[in-house]
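# Descriptive structure summary
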Amino acid sequence: MQARHREVRGSAGLVSLARDSEPLPAKWDPFPSLCLGHSGLASVFSNRTSRKSASRTDSDNMADGEGYRNPTEVQMSQLVLPCHTNQRGELSVGQLLKWIDATACLSAERHAGCPCVTASMDDIYFEHTISVGQVVNIKAKVNRAFNSSMEVGIQVVSEDLCSEKQWCVCKALATFVAHRELSKVKLKPTVPRTEEEKTEHSVAAERRRMRLVYADTIKDLLANCVIQDDLESRDCSHMVPAEKTRVESVELVLPPHANHQGNTFGGQIMAWMENVATIAASRLCRAHPTLKTIEMFHFRGPSQVGDRLVLKAIVNNAFKHSMEVGVCVEAYRQEAETHRRHINSAFMTFVVLGADDQPQMLPWIRPQPGDGERRYREASARKKIRLDRKYIVSCKQAEMPLSVPWDPSNQVYLSYNNVSSLKMLVAKDNWVLSSESNQVRLYTLEEDKFLSFHMEMLVHVDTAQAFLLLSDLRRRPEWDKHCRSVELVQQVDEDDAIYHVISPALGGDPKPQDFIILASRRKPCDTGEPYVIALRSVTLPTHRETPEYRRGETVCSGFCFWREGDQLTKVSYYNQATPGVLKYVTTNVTGLSSEFYTTFKACEHFLLDNRNDLAPSLQTL
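Calculation rules
- Residues numbered from 1 in each chain as written.
- Predicted model: local features only at pLDDT ≥ 70, side-chain atom pairs only at ≥ 80, totals over all residues.
- Heavy atoms only, no water.
- UniProt positions renumbered as here; feature names shortened; annotations may be inferred.
- Phe/Tyr/Trp six-rings, centres within 6.5 Å; stacked < 30°, edge-to-face > 60°.
- Helix = DSSP H or I, 4+ residues; strand = E, 2+ residues; numbered from the N terminus.
- Buried < 20%, exposed > 50% of the residue type's maximum accessible area, 1.4 Å probe, protein only.
- Core = buried A, V, L, I, M, F, W, Y, C linked by side-chain atoms within 4.5 Å.
- Contact = heavy atoms within 4.5 Å.
- Patch = residues over 30% accessible without salt bridge, like charges linked within 9 Å, V, L, I, M, F, W, Y side chains within 5 Å.
- Areas by Shrake-Rupley, 256 points an atom, 1.4 Å probe, with all protein chains shown as cover.
- Salt bridge = Lys/Arg side-chain N within 4 Å of Asp/Glu carboxyl O.
- Lys, Arg positive; Asp, Glu negative; His and termini not counted.
- Charge placed at Lys NZ, Arg CZ, Asp CG, Glu CD.
- Expected span 1.5 Å × (residues − 1).
- Axes fitted to C-alpha atoms, helices over the stretch in contact; angles between N-to-C directions.
- Parallel < 35°, antiparallel > 145°, perpendicular 65-115°, else oblique.
- Left-handed = near helix turned anticlockwise from the far one by under 90°.
- Pairing = 2+ DSSP bridges.
- Polar contact = N/O pair within 3.5 Å; in protein donor to acceptor, adjacent residues only side chain to side chain.
- Nonpolar A, V, L, I, M, F, W, Y, C, P; charged D, E, K, R; others polar.
- pLDDT = per-residue confidence, 0-100.

The name an unreviewed UniProt entry assigns to the chain is Acyl-coenzyme A thioesterase 11 isoform X1, from the organism Bos indicus. Under the heading Pathway (unreviewed entry), UniProt records this for the chain: "Lipid metabolism; fatty acid metabolism." According to the UniProt record, the Catalytic activity (unreviewed entry) comment for the chain is "butanoyl-CoA + H2O = butanoate + CoA + H(+)".

This part is about the packing of aromatic side chains. Tallied over the full model, the rule gives nine aromatic pairs. Ring plane angle 50 degrees and centroid distance 6.1 Å describe the contact between Phe453 and Tyr573, whose orientation is recorded as tilted. Within this pair, whereas Phe453 is found in strand 21 (residues 450-459), its partner Tyr573 is found in strand 28 (residues 568-576), the two being separated by 120 residues in sequence. Of the two residues, Phe453 and Tyr573, both sit in the buried class. The interplanar angle of 75 degrees and the centroid separation of 6.2 Å between the aromatic rings of Trp479 and Phe559 together place this pair among those described as edge-to-face. In this pair, Trp479 is assigned in the loop between helix 8 (463-471) and strand 22 (485-491) and Phe559 in strand 27 (residues 557-565), connecting sequence segments 80 residues apart.

The next thing to look at is the nonpolar core. One finds Ile154 and Met323 to be the most contacted residues of the largest nonpolar core, which totals 73 residues. When residues no more than four places from it in sequence are discounted, the contact partners of Met323 are Ala281, Leu284, Cys285, Val315, Asn317, Ala318, Met348, Thr349, Phe350, Val352 and Leu362. Residues Val440, Ala464, Ala497 and Phe596 belong to the second largest nonpolar core, which totals 35 residues.

The next point concerns a positive patch on the surface. On the surface, a cluster of positive charge is made up of Lys244, Arg283, Arg286 and Arg366. Assignment of secondary structure puts Arg366 in strand 17 (residues 364-366). For Arg366, a relative accessible area of 34% corresponds to the partly exposed category.

The next subject is helix 5 (residues 266-285). With 20 residues, helix 5 should reach 28 Å at 1.5 Å per residue; the first-to-last C-alpha distance of 29 Å fits that figure. Positive phi appears at Arg286, one or two residues downstream of helix 5, with a value of about 55 degrees.

Okay, the packing of helix 8 against helix 10 (residues 595-609) next. At their nearest, the axes of helix 8 and helix 10 sit 10 Å apart, and the two run at 115 degrees to each other. When the interaxial angle is binned, helix 8 and helix 10 end up roughly perpendicular. Helix 10 is crossed by helix 8, and the crossing has right-handed handedness. Contact with helix 8, carried on its side by Ala466, Leu469 and Leu470, involves Cys603, Phe606 and Leu607 of helix 10 and no other residues of that element.

A few words now on the sheet that holds strand 6 (residues 124-125). The antiparallel open sheet is built from six strands, whose spatial order is 6-12-16-15-14-11. With one partner strand each, in any of the chains shown, strand 6 and strand 11 (247-252) form the two edges of the open sheet. Along the sheet face, helix 5 touches strand 11, strand 12 (290-294), strand 14 (308-318), strand 15 (323-332) and strand 16 (341-351) and points at about 40 degrees away from the line of strand 14.

Right, let's talk about the environment of Tyr68 for a bit. By the secondary structure assignment, Tyr68 is in the loop between helix 1 (58-64) and strand 4 (74-79). Judged by relative accessible area, Tyr68 falls into the buried class, the value being 7%. The spacing of Tyr68 and Arg193 is 125 residues in sequence and 9.4 Å in space, taken between C-alpha atoms. A polar atom in the side chain of Tyr68 sits 3.0 Å from the side chain of Glu197.

All chains considered together, the criterion is met by 32 salt bridges. Of the charged contacts in the structure, one is a salt bridge between Lys198 and Asp429, with a shortest N-O distance of 3.8 Å. With Lys198 in helix 3 (residues 195-212) and Asp429 in the loop between helix 7 (411-426) and strand 19 (432-437), this residue pair connects regions lying 231 residues apart in the sequence. Take Lys198: its relative accessible area is 33%, and that puts it in the partly exposed class. Between Arg476 and Asp480 there is a salt bridge, with its nearest N and O atoms 3.0 Å apart. Residues Arg476 and Asp480 agree in their burial class; the two are buried. Among the charged side chains, a salt-bridge network with shared partners connects Glu206, Arg209, Asp495, Asp496, Arg521 and Arg522.

Let us look at the environment of His298. Secondary-structure assignment places His298 in strand 13 (residues 297-298). Considered as a pair, His298 and Ala119 are 179 residues apart in the sequence and their alpha carbons are 5.8 Å apart.

This part takes up the packing of helix 3 against helix 7. Here helix 3 crosses helix 7 at 165 degrees, and the two axes come no closer than 9 Å. In terms of orientation, helix 3 and helix 7 fall into the roughly antiparallel class. In the packing of helix 3 onto helix 7, the handedness of the crossing is right-handed. Only Val412, Tyr413, Ser415, Tyr416, Val419, Ser420, Lys423 and Met424 of helix 7 make contact with helix 3, whose side of the interface consists of Thr199, Ser202, Val203, Ala205, Glu206, Arg207 and Met210. Within the contact of helix 3 with helix 7, the residues separate by chemical class into eight nonpolar, four polar and three charged.

A separate point is the confidence of the model for the chain. Low-pLDDT stretches of the model should not have their predicted coordinates read in fine detail. Mean pLDDT for the chain: 82, with 79% of residues reaching 70 or above. The least confident element of the chain is strand 3 (residues 49-50), whose mean pLDDT is 42; the most confident is strand 4, at 97. Contacts for the low-pLDDT stretch residues 395-400, under 50 throughout, to residues beyond four places or in other chains number 15 contacts.

Taking burial as the measure, the 10 residues of strand 15 include nine buried ones, the bulk of the element. Relative to strand 15, strand 14 runs antiparallel, the two sharing 10 bridges. For Ala313, the partnering residue across the bridge sits in strand 15 and is Val327. As consecutive antiparallel partners, strand 14 and strand 15 are separated by four residues. For strand 15 and strand 16, the ladder comprises nine bridges, and the chain directions are antiparallel. The residue bridging Gly326 from the neighbouring strand is Phe347, located in strand 16.

The structure is reproduced here in structure tokens:
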């Protein structure tokens with residue numbers, strides 16, 4: 001973990017530290033974005049009562065307006081000079097990483113009130129290069145604070161001063177840890193005010209969970225999956241030996257590379273890593289490569305002024321249009337030392353762009369026997385994991401079906417997407433009260449291309465018990481007539497399970513529907529947060545669509561449970577309507593049918609009738 005400085009200022013750039021000096025020039029864009037839209041939804045509501053109270057305070061109004069600025073937000077603007085660029089006249093990614101790291105650290109330290117160190121950085125995808133003479137605008141803010149760590153969101157935008165055009169370069173998420181020499185730090189919680197802040201605050205807990213199991217995810221994939229390769233079938237005469245790409249470089253940590261406490265800036269280490277990785281990639285392609293992706297990595301320990309850092313890089317694998325370079329950083333204090341401290345390891349993906357800015361074909365790599373072949377196969381596994389994180393976590397719906405194929409390598413990311421999608425739906429501010437009957441409220445949410453509904457009631461039952469009772473989908477037919485039968489297909493782990501659900505035919509369809517559902521449950525991280533049961537469709541090779549049923553899909557639905565008092569729970573059900581059930585949903589929310597209310601009241605009776613069934617299990621929650 002690397003320490004950071006308290007302020008950054010230079011001849012070409014300035015970090016903005018004013019808290020409320022002026023409104024934001026542009027609306028903050030939350031990330032990662034989970035786009036869950038569907039087409040063909042017509043507006044069927046009008047003159048509804050807004051869920052928001054008319055008695056909102058002035059501060060709440062400011063939070064939604066342009067005058068509000070997150071108290072942890074820090075902005076940096078840098079003019080790209082020739083000294084910042086590479087041989088192509090583009091901003092060096094290493095220099096950009098230093099600026100990103102500095103801005104994020106200042107945001108973390110503003111919230112913590114003490115020095116902070118970088119613990120990790122999530123995947124970074126570079127979408128555009130930046131040319132000399134352009135301006136780099138970086139924004140960073142704390143999404144959520146845990147006990148001693150914080151998640152900081154970073155957004156990088158480049159600006160052409162002549163044309164006034166701006167475009168997104170990358171978005172990043174970093175984890176910082178507060179560090180105080182003589183006492184343990186307990187961070188104050190962040191208080192989200194806008195819808196975007198509430199969304200990021202809620203999803204940050206799920207991202208933290210995913211980071212903690214990241215190393216195990218790779219180990220499980222390598223242990224349980226056969227990594228295919230074609231080493232034996234390739235023409236060795238057209239392959240480049242991996243050893244030809246090996247790079248080793250040493251850097252002496254001097255005072256300009258460190259903060260006032262003598263700890264090396266993490267951004268400086270990342271810049272040195274990018275440098276040796278670029279040299280290794282160039283030795284394979286004999287051209288000037290472009291860095292496209294930096295994989296999630298963790299700092300394993302600190303380094304100080306006077307340390308010698310040994311940076312090693314080698315091309316692990318070359319795919320058709322991209323290559324993975326592995327980089328390792330070790331530290332030692334004196335030349336006579338034989339033991340070296342492992343500071344960090346990272347994997348970077350490079351491409352070679354042609355005159356048309358399209359990736360060019362790359363030569364094959366011939367790995368060394370033993371460790372070289374292991375790294376070669378692991379690179380293929382990491383490529384799959386990167387694609388899972390990029391397309392499942394960011395939920396690019398135009399490039400993937402609603403029901404994502406399930407396998408052991410992507411279960412962590414599907415579970416993350418499942419819970420995060422529901423939390424983002426819950427955090428929306430513009431839910432509208434559509435109707436109320438027998439103490440059950442029905443809310444609707446209309447956005448550009450999709451329609452969602454949300455039902456809510458108070459039940460006199462313990463919150464943890466309600467959570468346990470509804471977690472097991474096999475009991476759902478006891479209260480939901482829309483579930484004819486539910487079979488447990490796979491108990492993935494303690495919190496995730498896959499079910500095969502059969503429901504009766506809807507809307508005159510002669511065939512009943514069946515669903516393959518991933519159910520992910522989460523207990524609260526902090527006081528005041530809900531218990532969550534998130535549901536989404538997946539596909540399994542063992543349960544393909546059959547002529548007997550019409551395969552249905554759900555992209556985002558589930559329950560949230562809030563403790564309202566002793567033996568009193570607010571139970572909420574959320575569902576984002578898919579085209580297959582849209583007509584049924586609109587019939588209910590427009591008041592032409594009361595099936596929603598009837599089903600939800602049946603759920604209440606089920607909870608009350610079974611509130612004593614699981615008393616021993618509550619001790620484990």
